Amino acid sequence: MAELALCESLAQTSGWAARWSAELASADAALLWAPDALHPYFLCIAAFGAGTERAARRSISRETGLVHDLVRDRVPVLLQAEQLTATEDPFLKAIPTPTVACLFVPLQAEKIVVGLLALAFNQMPDRGVLQNLQGFLKHATPALARALRAERKTSGMLYAIERLTSLYDLTKAFGSTIDLAELSAIIARKAADFMSAEVASLWTLDRRAGEVTLAATAVNANYDIPAPPEAVGGSVVGDVLAGRTPLRRHDLPEGDPVGTENPDYPVNSILAAPLIEDDAPIGVIVVVNKRGRYPEFTAADEELLVDIERQAVRALHNARQYEAEKKVQELDALLAVS
């Protein structure tokens with residue numbers, strides 16, 4: 001236990017906890033998962049033993065499969081080899097092979113699950129394995145909780161700084177032109193980039209005519225995207241405009257009409273936000289198919305898209321005002337000549 005007091009970071013604490021859990025349980029490998037600070041995922045923060053390297057830093061949704069059951073029930077689960085292999089649960093696929101059995105233990109501190117411990121065995125473990133671990137986990141779990149709180153505080157500060165930097169970059173980008181078509185293209189491109197989305201579309205509403213028009217579509221240049229569509233979100237724009245609230249969906253089934261009219265481009269996740277000016281909708285930004293470590297749009301992504309929407313509304317207002325003044329000047333010049 002003396003090593004526990006010397007741990008200064010989440011990496012040290014989790015690595016120490018994974019290693020000694022395996023030692024005390026006579027396990028061949030150990031994986032320790034902790035809830036992400038900003039996203040609905042558990043992240044593998046420590047791996048000990050052969051075959052665990054591929055699981056390190058891997059993320060698993062907390063809303064499905066065994067992860068969901070462990071967080072909900074908070075009861076240890078022992079699965080044998082046939083149960084580990086006869087499933088598509090991504091959490092179980094992270095377990096090293098060959099494994100005869102794996103013990104999953106939810107770690108609870110202050111009535112909150114702060115970690116999931118997976119212990120892999122190449123032979124069936126003794127019945128008293130949990131009892132052997134109890135004393136150790138009684139000290140290790142609060143230490144992990146403290147390390148997580150410190151990490152989350154740092155992550156929150158970094159996220160706030162990143163968000164402010166993003167807003168500054170958006171202000172610069174949207175202020176670089178007052179040409180309406182060029183600005184629309186920039187808004188779509190920045191939405192795709194900032195949201196780590198494959199494709200983004202900007203739709204605008206003519207309030208007098210009651211018509212919705214595709215203003216621009218951008219394909220994220222950071223990704224190799226086969227058969228990119230000309231537009232995304234056309235089937236949900238009406239609902240977003242009517243509800244005046246963001247729409248977020250993921251794990252869309254094949255053939256779902258949401259998002260695109262291009263059957264060669266499947267949409268797996270979608271996030272849309274209305275453009276609101278003077279308490280009235282003037283358009284919608286839609287982004288689809290998030291890439292990266294977290295392949296689903298989250299509440300934090302929704303907040304970021306709303307930030308983009310607010311900056312876009314201001315820029316679009318200035319561009320429309322400029323175009324209106326330009327038309328008046330052209331008409332005045334024409335009347336002066338005649």
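Every value quoted in this text rests on a predicted model; they were computed, and no experiment measured them. (Residues numbered from 1 in each chain as written. Predicted model: local features only at pLDDT ≥ 70, side-chain atom pairs only at ≥ 80, totals over all residues. Heavy atoms only, no water.)

Peer 1: Honestly, a nonpolar patch on the surface in this entry has me stumped. Any pointers?
Peer 2: A contiguous nonpolar surface patch, about 230 Å² in accessible area, is contributed by Leu78, Val100 and Met124. Among the secondary structure elements, methionine 124 is positioned in the loop between β6 (112–121) and α6 (129–174). The class for methionine 124 is partly exposed, based on a relative accessible area of 41%. (Patch = residues over 30% accessible without salt bridge, like charges linked within 9 Å, V, L, I, M, F, W, Y side chains within 5 Å. Areas by Shrake-Rupley, 256 points an atom, 1.4 Å probe, with all protein chains shown as cover. Salt bridge = Lys/Arg side-chain N within 4 Å of Asp/Glu carboxyl O. Helix = DSSP H or I, 4+ residues; strand = E, 2+ residues; numbered from the N terminus. Buried < 20%, exposed > 50% of the residue type's maximum accessible area, 1.4 Å probe, protein only.)

Peer 1: What's the story with helix α3 (residues 65–73) in this structure? I'm lost.
Peer 2: Three or more residues of α3 are buried, namely Leu66, Val67, Leu70 and Val71. All buried residues of α3 project into a common sector of 130 degrees when viewed along the axis, lining one side. Each element contacted by the buried residues of α3 is listed here: β2 (41–48), β3 (59–61), β4 (77–80), α5 (90–93), β5 (101–109) and β6. One or two residues past the end of α3 sits arginine 74, with phi positive at roughly 55 degrees. (Arc of directions from axis to C-beta. Contact = heavy atoms within 4.5 Å.)

Peer 1: So what exactly am I meant to see when it comes to unusual backbone geometry here?
Peer 2: Most peptide bonds adopt trans geometry, and most residues besides glycine take a negative phi value. The peptide bond linking threonine 97 to proline 98 adopts the cis configuration, its omega dihedral lying at -5 degrees. Here proline 98 shows up in the loop between α5 and β5. For arginine 74, which is not a glycine, the phi torsion comes out positive at approximately 55 degrees. Along the chain, arginine 74 falls in the loop between α3 and β4. A relative accessible area of 35% means that arginine 74 is categorised as partly exposed.

Peer 1: What am I meant to see in the packing of aromatic side chains here?
Peer 2: Aromatic ring pairs are defined here through the distance separating the ring centres and the angle between the ring planes. Counting across every chain of the model gives three aromatic pairs. Taken together, a centroid distance of 5.3 Å and an interplanar angle of 45 degrees make the contact between tryptophan 16 and phenylalanine 136 tilted. Pair noted here: tryptophan 16 is in helix α2 (residues 10–25) and phenylalanine 136 is in helix α6, with a separation of 120 residues, a long-range link. The class for tryptophan 16 is buried, based on a relative accessible area of 6%. On the accessibility criterion, phenylalanine 136 (5% relative accessible area) is buried. Between tryptophan 33 and phenylalanine 91, the aromatic rings sit 5.1 Å apart at their centres with planes inclined by 75 degrees, giving edge-to-face as the arrangement. With tryptophan 33 in strand β1 (residues 29–35) and phenylalanine 91 in helix α5, this residue pair connects regions lying 58 residues apart in the sequence. Phenylalanine 91 shares its class with tryptophan 33; the two are buried. Among the aromatic residues, ring-to-ring pairing joins Trp33, Phe91 and Phe104 into one connected group. (Phe/Tyr/Trp six-rings, centres within 6.5 Å; stacked < 30°, edge-to-face > 60°.)

Peer 1: Any chance you could explain the environment of glutamate 303 here in plain terms?
Peer 2: Relative to the elements of secondary structure, glutamate 303 occurs in helix α9 (residues 299–337). Using a relative accessible area of 39% as the deciding quantity, one classes glutamate 303 as partly exposed. Each C-alpha atom, one on glutamate 303 and one on proline 246, is 9.5 Å from the other, the two residues being 57 residues apart in sequence.

Peer 1: Would you mind going over the confidence of the model for the protein chain with me for this structure?
Peer 2: Atom-level detail of predicted coordinates should not be read off regions where pLDDT is low. Chain-level pLDDT for the protein chain is 83 on average; 87% of the residues reach the 70-or-more range. When mean pLDDT is compared element by element in the protein chain, β4 scores highest at 94, while helix α1 (residues 2–6) scores lowest at 48. (pLDDT = per-residue confidence, 0-100.)

Peer 1: When you look at the sheet that holds strand β7 (residues 197–206) in this model, what are you seeing that I'm missing?
Peer 2: What links the strands of a sheet is backbone hydrogen bonding, and the strands pair in either a parallel or an antiparallel sense. What the five strands build is an open sheet, ordered β8-β7-β11-β10-β9; its pairing is antiparallel. The sheet is open, and its two borders are formed by β8 (211–219) and β9 (247–250), each paired with just one other strand. The average angle at which neighbouring strand axes cross in this sheet is 15 degrees, direction not considered. Where β7 lies against β8, eight bridges are found, and the strand directions are antiparallel. In the sheet register, tryptophan 203 faces β8, and the bridge partner there is leucine 214. Helix α7 (residues 180–194) rests against β7, β8 and β11 (280–290) of the sheet, and its axis sits at about 55 degrees to β8. (Pairing = 2+ DSSP bridges. Axes fitted to C-alpha atoms, helices over the stretch in contact; angles between N-to-C directions.)

Peer 1: What is the right way to read the pattern of salt bridges from this model?
Peer 2: Throughout the structure, instances matching the rule amount to eight salt bridges. Note that aspartate 69 is salt-bridged to arginine 72, the shortest N-O span being 3.4 Å. Of the two residues, aspartate 69 and arginine 72 are both situated in helix α3; the distance of three residues between them amounts to about one turn of the helix. Of the residues examined, aspartate 69 reaches a relative accessible area of 30% and is grouped as partly exposed. Owing to a relative accessible area of 51%, arginine 72 belongs among the exposed residues under this scheme. Across the salt bridge formed by arginine 320 and glutamate 277, the nearest N and O atoms sit 2.6 Å from each other. Of the two residues, arginine 320 is situated in helix α9 and glutamate 277 in strand β10 (residues 269–277); the sequence distance between them amounts to 43 residues.

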